[in-house]
Amino acid sequence: MQQTRFSAAAFDETPNDNKSIPYGMVRAVSHYLELTGVLGYVRRLKSKGVRLDRMVVAMCVFTMYASNSLNACAEWLSDPAVRRCLGFKIGEDISQRTLNRGLELLGRNREGVILALWDGLKRRFEIDDYDINLDGSAVVLYGPKSEYAMKGYGRDKNRGKLQVEFMVAQLSSMGIPVYIKPYAGNVPDERQYRDCVPELASMLSSDSLHSMDGFKKSTSTDDEGTLQQVAAVAMLGAAIIMDNGGASEDNIDRTLACGLGYVTRVKMNSSDDKNIQNNISQFEYIGDGMFCFTKHYKESGRNTYLFLSADLFQKGFHSASARFEKDMAVVNDIRAGRMRRSDVVTVRKLPGVHVDVTITTQSELMPLSETDRRRALRKKMGIRCGFFKLESNLQLTPSQALQRYRRRAGVEHLISSLKRITGIKPIRVWKAGSVDGAMTLALLAEAAISMARYCMKGTGRGEEDEGEEAAIPSKPSTESIVRSLAHLTLTRFRHRKGRYEAVLSNWEPISTEILATIALHESPDWGDKKIPRSPLLV
């Protein structure tokens, strides 16, 4: 291998005022938030001083490009070249305090921003599938005085720390987030679903998030206006795709009362054990190593789908085998006189209490034959190994139910991206308005990148979409798009003759396609046309 050497005289290592700005990121965030009218709505929230819409773009870009520190963002904006690229006036002073006030103002108008985003999506994109992926999570909150800061169920290794819960909703067919709402860190999942499902139904049927608030306390209503909105939601054929956290009977009744369908994963029960034992021959093979037993309940109209996955069964088998071998190693140690208390008993330590445990063992015959070994492994695996259960009120085939539920993976990827890329982990502000603003800012950043991803043609071949001849193209992840757009920089440097020049550097296939699509949508020939439906692999 030949090593490339650079001459010391080839570069001028004298410090200079050249500046590289993530132009691709600025361009994408500005375009898609302007396209949907979000920036137009934000502009009207603040009439004096530094423009709020430009602060929103700057904070979105800096959070994905560097960090969620408002202090660092203010320092970044102190450079005139950065302010010029973002559209600020040259003499404007954008301090951390200015950004904090802007973030709090954005948070106080969280609902208006969500409605503006949803209205823009309906106006500028062709939408023919209104299914919504819904899920929640929590992040650490550094602010003990915040009304959101509570200790609750420890998620994401947050045990014992103050945290803020949040729910996020994503348009399943497009992979674009449309809703986010924070909750105190000790609010249970069931209560969060009870609160946000009526708001999502209101968003689908009207220009408000609270037209169906009556369903937050009850699952029935006689109000004529509310019933008309329920009918409007039902006509869209929308369904909430959720995990077991929203599968309580009360929440399912509330979802149906709002005019929404549902597909959810539910816990297995003793009747499922009987179906596994007595009806295993009736499981239908649906492809890809999946078998299903379907049951319809006429009185309630619900359908249950009991699936057997060959992949899950193999994983369960290997896990049980590892546990079995570990148990056998402990047995051999005990027989050899090397017994450790921690292998068989867990002793809880209590302050001021001394616990003394005496252990005696009784040896039994070990399973030596292959038949005995298989019987012990099967017992350790359990009858439910490899099985899981879905439930829906919709008349779906097993393949359709599984396909719809699998699309829920998109919202899990979204939550991971919110924490890793768009900067809500951890939250470093404590006022309620600022926490709401941080959540809203992350939603807008994710929405802009998701819209850019949706408009891409994609490459390669993905999963086959049922009912279509062509395969769904594979599209890059949010992380890949952010990295490519951040690499596309506008570098401002001083020419030998003394004047400044600028050049775009680091073009990549992803950033090239996204900026070409932006130029197409901004051309006079495109006008107000809607962006057509695009296959999306989530």
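**Q** Just give me the short version of the overall build of the protein chain, but keep the residues and values in it.
**A** Within the protein chain, the regular secondary structure consists of 19 helices and 12 strands. Taken as a whole, the protein chain presents about 28,200 Å² of accessible surface, with 49% of it coming from carbon and sulfur. Mean positive and mean negative side-chain charge positions of the protein chain (76 and 64 charges, respectively) differ by 6 Å.

**Q** Go over the packing of aromatic side chains, please, and point to the residues and values.
**A** Under the counting rule described, the total for this entry stands at 9 aromatic pairs. On the numbers, 5.2 Å between centres and 35° between planes, the contact of F62 with W76 is tilted. Here W76 lies in helix α4 (residues 70-77) and F62 lies in helix α3 (residues 52-65), a separation of 14 residues in the sequence. Judged by relative accessible area, F62 falls into the buried class, the value being 6%. The exposure class assigned to W76 is buried, which follows from its relative accessible area of 9%. What links up through ring pairs into an aromatic cluster is the set F62, Y65 and W76. Sitting over the face of the ring of Y454, K475 holds its NZ or CZ atom 5.5 Å from the ring centroid. Geometry around W526 places K529 over its ring, the cationic atom sitting 4.6 Å from the centre.

**Q** Talk me through the confidence of the model for the protein chain; I want residue IDs and the actual numbers.
**A** Averaged over every residue, the pLDDT of the protein chain is 87; the share at 70 or more is 92%. Segment residues 462-470 is flagged for pLDDT under 50; beyond a separation of four residues in sequence, or across chains, it makes 19 contacts in the model.

**Q** Hey, could you go over helix α1 (residues 23-35) for me, with residue numbers and the actual values?
**A** For α1, built from 13 residues, the straight-helix expectation of 18 Å at 1.5 Å per residue is met to within 8% by its first-to-last C-alpha distance of 18 Å. Along α1, the residues classified as buried are G24, M25, V26, A28, V29, H31, Y32, L33 and L35. With its phi angle positive at about 85°, G37 sits one or two positions after the end of α1.

**Q** Describe the nonpolar core, naming the residues involved and giving the relevant values.
**A** Ranked by internal contacts, the top residues of the largest apolar core, which has 121 residues, are L77 and F125. Among the elements that make up this core, the one with the highest residue count is helix α17 (residues 432-454) (14 residues). When residues no more than four places from it in sequence are discounted, the contact partners of L77 are A58, V82, R83, L86, F88, I94 and L99. Ranked by size, the runner-up nonpolar core spans 13 residues in total, among them C292, F388, L402 and Y405.

**Q** Outline helix α10 (residues 249-257), listing residues and values.
**A** Along an α-helix, a turn takes 3.6 residues, which lines up residues three or four apart on a common side. Considered for burial, the residues of α10 that qualify are N251, I252, R254, T255 and A257. For α10, the elements touching its buried residues are α8 (189-205), α9 (224-236), β5 (239-242), β6 (261-266) and β10 (387-392). G259 sits one or two positions beyond α10 and adopts a positive phi of about 90°.

**Q** With reference to specific residues and values, describe the side chain of T422.
**A** Within the secondary structure, T422 is located in the loop between α16 (409-420) and α17. Classification of T422 as buried rests on a relative accessible area of 4%. Polar contacts involving the side chain of T422 include one to the side chain of E446, which spans 3.0 Å.

**Q** Requested: an account of the pattern of salt bridges, with residues and values cited.
**A** The final tally for this structure, using the stated rule, is 25 salt bridges. Among the ionic pairs, D195 bridges to K216, the shortest N-O distance being 3.1 Å. Here K216 lies in the loop between α8 and α9 and D195 lies in helix α8, a separation of 21 residues in the sequence. Accessibility expressed as a relative area gives 17% for D195, which makes it buried. Where E479 meets R420, a salt bridge forms, and the shortest distance between an N and an O atom there is 3.4 Å. Of the two residues, E479 is situated in helix α18 (residues 478-487) and R420 in helix α16; the sequence distance between them amounts to 59 residues.

**Q** How would you sum up the sheet that holds β10? Please name residues and give values.
**A** Taken together, the 9 strands give an open sheet; going across it, the order is β4-β3-β2-β5-β6-β10-β9-β8-β7, and neighbouring strands pair in mixed fashion. Taken across any chain shown, the strands that pair with only one partner, and hence form the sheet edges, are β4 (176-184) and β7 (284-287). Strand-to-strand twist across the sheet, computed as the mean angle between neighbouring axes with direction ignored, equals 25°. Where β5 and β6 come together, 4 bridges link them in parallel fashion.

**Q** Account for the environment of R499, naming residues and giving values.
**A** Of note, R499 is situated in the loop between β11 (489-494) and β12 (500-505). A relative accessible area of 46% means that R499 is categorised as partly exposed. Ignoring any residue separated from it by four or fewer positions in sequence, one finds R499 in contact with F493 and R494.

**Q** Tell me about the pairing of β10, and name the residues and values.
**A** Burial within β10 is extensive, with 6 of its 6 residues counted as buried. With burial as the criterion, each face of β10 is covered, one bearing F387, K389 and E391 and the other bearing F388, L390 and S392. As defined by bridge partners, β6 adjoins β10 across 4 bridges and the pair is classed as antiparallel. Bridge pairing links V266 to K389 in β10. As paired strands, strand β9 (residues 303-309) and β10 are joined by 6 bridges and run antiparallel to one another. Within the sheet, the bridge partner assigned to L308 lies in β10 and is F387.

**Q** Residue-level account of unusual backbone geometry, with values.
**A** Omega for the bond connecting K425 with P426 falls within 30 degrees of zero, at -10°, which places this linkage in the cis form. Tracing the chain through its elements places P426 in the loop between α16 and α17. The phi dihedral of D288 is positive, around 60°, even though this residue is not glycine. Owing to a relative accessible area of 60%, D288 belongs among the exposed residues under this scheme.

**Q** Describe the environment of M203, with residues and values.
**A** If you trace the backbone, M203 turns up in helix α8. By relative accessible area, M203 is classed as buried at 0%. Each C-alpha atom, one on M203 and one on V233, is 9.4 Å from the other, the two residues being 30 residues apart in sequence.

Cut-offs applied
Residues numbered from 1 in each chain as written. Predicted model: local features only at pLDDT ≥ 70, side-chain atom pairs only at ≥ 80, totals over all residues. Heavy atoms only, no water. Helix = DSSP H or I, 4+ residues; strand = E, 2+ residues; numbered from the N terminus. Areas by Shrake-Rupley, 256 points an atom, 1.4 Å probe, with all protein chains shown as cover. Lys, Arg positive; Asp, Glu negative; His and termini not counted. Charge placed at Lys NZ, Arg CZ, Asp CG, Glu CD. Phe/Tyr/Trp six-rings, centres within 6.5 Å; stacked < 30°, edge-to-face > 60°. Buried < 20%, exposed > 50% of the residue type's maximum accessible area, 1.4 Å probe, protein only. Lys NZ or Arg CZ within 6 Å of the ring centre and 35° of its normal. pLDDT = per-residue confidence, 0-100. Contact = heavy atoms within 4.5 Å. Expected span 1.5 Å × (residues − 1). Core = buried A, V, L, I, M, F, W, Y, C linked by side-chain atoms within 4.5 Å. Polar contact = N/O pair within 3.5 Å; in protein donor to acceptor, adjacent residues only side chain to side chain. Salt bridge = Lys/Arg side-chain N within 4 Å of Asp/Glu carboxyl O. Pairing = 2+ DSSP bridges. Axes fitted to C-alpha atoms, helices over the stretch in contact; angles between N-to-C directions.

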